[in-house]
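The lines below spell out each chain.
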Amino acid sequence: MRTWRDGDGTLTVGTDSGAREVPLRIAASYRARTKGLLGRDGIEGAMMLTPCGSVHTFRMRFPIDVVYLDRKFTVLAVRTMKPGRLGLPRLRARHVVEAEAGAMERWGVRPGMRVELRATGPDSGTPGASGTPEASGTSGSGA
C-alpha cells in the first residue's frame with residue numbers, strides 16, 4: 001500500500017502511443033485536502049485529493065471536472081461540477097482528480113480507463129513512484 005504525501009506529480013492519461021502527461025498537485029494531508037482548489041481562480045493541470053470519496057464546490061470560483069478513481073486508478077466516473085454543489089459519494093472511490101471544467105474531455109478521460117499517477121517532488125513520497133494496483137488509500141471524504 002502506498003502512502004501519498006503533499007507535493008507535485010504527473011498524471012498520465014491514454015495509451016503508450018497517445019499518452020498525455022499533465023502536471024499534478026497532490027493533496028494528501030487533511031489540511032491540503034480541505035483547502036483543495038478553494039481561493040484559486042484556476043489551475044494549470046490537475047489536483048489529486050487522496051484519500052477521498054466525495055467533493056464539494058462550495059466557495060469555488062470556477063466550475064471543475066471531477067474524476068473518481070478506485071484503488072487501481074481506474075476511472076469510476078467523470079463529472080463536471082459548478083460552484084456551490086455537493087458531489088455524491090462514490091463507495092469505491094479512493095482518489096479524486098480535479099481540473100478546470102472541460103479538461104477531462106480534452107485529455108480523453110472516460111469511465112473504465114486507467115490512469116497513472118506519479119509523484120515527482122521531494123515532498124511527494126518516493127520520487128518516480130507510480131500509481132500501481134498496490135498503491136491505494138483508504139476511503140474517505142475530501143473537502
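Residues numbered from 1 in each chain as written. Predicted model: local features only at pLDDT ≥ 70, side-chain atom pairs only at ≥ 80, totals over all residues. Heavy atoms only, no water.

Some details on the overall build of the protein
- Each helix and strand in the protein was counted, giving two helices and seven strands.
- Starting at the N terminus and walking to the C terminus, you meet the elements of the protein as β-β-α-β-β-β-β-α-β.
- Counting every position in the protein, which comprises 143 residues, the buried fraction comes to 48%.
- Residue pairs at least 24 apart in sequence account for 61% of intrachain contacts in the protein once pairs closer than 6 positions are excluded. (Helix = DSSP H or I, 4+ residues; strand = E, 2+ residues; numbered from the N terminus. Buried < 20%, exposed > 50% of the residue type's maximum accessible area, 1.4 Å probe, protein only. Contact = heavy atoms within 4.5 Å.)

A word on the sheet that holds strand S7 (residues 116-119)
- Read from one edge of the open sheet, seven strands run S5-S4-S6-S3-S2-S1-S7, paired in mixed fashion. Strand pairing shows two members of the sheet lacking a second neighbour, strand S5 (75-81) and S7, which therefore form its edges. Between one strand and the next, the sheet's axes are offset by a mean angle of 30°, whatever the strand orientation.
- Where strand S2 (residues 20-27) meets strand S3 (residues 46-49), four bridges bridge the pair, whose relative direction is parallel. Each bridged residue has a counterpart across the sheet, and for Ala27 the counterpart in S3 is Leu49. (Pairing = 2+ DSSP bridges. Axes fitted to C-alpha atoms, helices over the stretch in contact; angles between N-to-C directions.)

Quick look at the pattern of salt bridges
- Within the structure shown, the criterion is met by four salt bridges.
- Among the ionic pairs, Arg61 bridges to Asp41, the shortest N-O distance being 3.0 Å. Remark: Asp41 occurs in the loop between helix H1 (30-35) and S3 and Arg61 occurs in the loop between S3 and strand S4 (64-69); sequence separation between them is 20 residues. Note on accessibility: Arg61 and Asp41 belong to one class, exposed. (Salt bridge = Lys/Arg side-chain N within 4 Å of Asp/Glu carboxyl O.)

A closer look at the confidence of the model for the protein
- In this model, the protein carries a mean pLDDT of 83, and residues with pLDDT of at least 70 account for 82%.
- In this model, residues 124-143 is a region of pLDDT below 50 whose contacts with residues beyond four sequence positions or in other chains number 62 contacts. (pLDDT = per-residue confidence, 0-100.)

Observations regarding the pairing of S2
- Relative to S2, strand S1 (residues 7-13) is paired through seven bridges, and the arrangement is antiparallel. Pairing of Thr10 across the sheet is with Pro23, part of S2.

Overview of the packing of aromatic side chains
- Under the defined criterion, the tally for this structure stands at one aromatic pair.
- Centre to centre, the rings of Trp4 and Phe73 are 6.3 Å apart; their planes meet at 75°, and the pair counts as edge-to-face. Of this pair, Trp4 sits in the segment before S1 while Phe73 sits in the loop between S4 and S5, placing them 69 residues apart in sequence.
- With a relative accessible area of 7%, Trp4 lands in the buried category.
- Looking at Arg90, its charged tip hangs above the ring of Tyr68, at a distance of 5.1 Å from the centre. (Phe/Tyr/Trp six-rings, centres within 6.5 Å; stacked < 30°, edge-to-face > 60°. Lys NZ or Arg CZ within 6 Å of the ring centre and 35° of its normal.)

Things to note about the environment of Pro83
- Topologically, Pro83 is positioned in the loop between S5 and strand S6 (95-100).
- On the basis of relative accessible area, Pro83 is assigned to the partly exposed category, the value being 33%.
- The spacing of Pro83 and Pro63 is 20 residues in sequence and 5.6 Å in space, taken between C-alpha atoms.
- Beyond its immediate sequence surroundings of up to four residues, Pro83 is in contact with Thr57, Met60, Arg61, Phe62 and Pro63.

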